[in-house]
Amino acid sequence: MKNEITLHLRRYPVLLQAASGGTRGDYITLSKDQLQAAQVCGLDDKALIQRMANRQGYRVLDIDHPRKFSVTLDLDRLSELHEEEPD
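Residues numbered from 1 in each chain as written. Predicted model: local features only at pLDDT ≥ 70, side-chain atom pairs only at ≥ 80, totals over all residues. Heavy atoms only, no water.

Caption draft 1: Here's a closer look at the packing of aromatic side chains. Under the criterion given, the structure shown has zero aromatic pairs. The lysine or arginine in question, R11, covers the ring of Y27, its NZ or CZ lying 4.1 Å from the ring centre. A cation sits over an aromatic face here: R67 above F69, 4.3 Å from the ring centre. (Phe/Tyr/Trp six-rings, centres within 6.5 Å; stacked < 30°, edge-to-face > 60°. Lys NZ or Arg CZ within 6 Å of the ring centre and 35° of its normal.)

Below is the structure:
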């Protein structure tokens, strides 16, 4: 029996500046559910990304258009993999 979940994701290329002043390119990946919850709170995608980066000590210099894709996870297989890991 299949027990799968599909996550609809958005992967944003971002340019970040660290507190030390150095800049680096990175990606921030958000689920559609995260974006919808932020919207309920009055935040758009860019405001959410800025808040997330700020909490980790970065300043967002640029946010590019996201790549949209979906990922399907087999929950039974994930559970098996977790049980195989030593404690």
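Let's pick the thread back up.
Caption draft 2: Representation of the side chain of R10 within the structure. With respect to the element layout, R10 can be found in strand β1 (residues 4-18). For R10, the residues in contact, after removing those within four places along its chain, are I28, T29, L30, K32, L35, P66, R67 and K68. (Helix = DSSP H or I, 4+ residues; strand = E, 2+ residues; numbered from the N terminus. Contact = heavy atoms within 4.5 Å.)

Caption draft 3: Inspection of the nonpolar core at higher detail. Core analysis: the largest hydrophobic core is formed by 12 residues, namely Y12, V14, L16, I28, L30, L35, A38, L48, I49, A53, V60 and I63. Secondary-structure elements contributing two or more residues to this core are β1, β2 (23-31), α1 (32-40), α2 (45-55) and β3 (58-63). (Core = buried A, V, L, I, M, F, W, Y, C linked by side-chain atoms within 4.5 Å. Buried < 20%, exposed > 50% of the residue type's maximum accessible area, 1.4 Å probe, protein only.)

Caption draft 4: Region of the structure containing the pattern of salt bridges. What the rule picks out here adds up to two salt bridges. Two residues, R24 and D26, come together in a salt bridge whose shortest N-O distance is 3.1 Å. Note on R24: relative accessible area 39%, which makes it partly exposed. A salt bridge links E80 to R77; the nearest nitrogen and oxygen atoms lie 3.3 Å apart. Here E80 pairs with R77, and both are found in helix α3 (residues 75-84), just three residues apart, close to one helical turn. (Salt bridge = Lys/Arg side-chain N within 4 Å of Asp/Glu carboxyl O.)

Caption draft 5: The environment of A37, seen in detail. Tracing the backbone through its elements, the reader meets A37 in helix α1. Measuring from C-alpha to C-alpha, the distance between A37 and Y12 comes to 17 Å, with 25 residues separating the pair along the chain.

Caption draft 6: Representation of the confidence of the model for the chain. Residues at a pLDDT of 70 or more form 99% of the chain, whose mean pLDDT is 93. No element of the chain has a lower mean pLDDT than α3, which averages 88, and none a higher one than β1, which averages 97. (pLDDT = per-residue confidence, 0-100.)

Caption draft 7: Local environment of the environment of V60. Counting through the fold element by element, V60 comes out in strand β3. V60 sits 14 residues away from K46 along the chain, and the two C-alpha atoms are 9.4 Å apart. Not counting residues up to four positions away in its chain, the partners in contact with V60 are L15, L16, I49, Q50 and A53.

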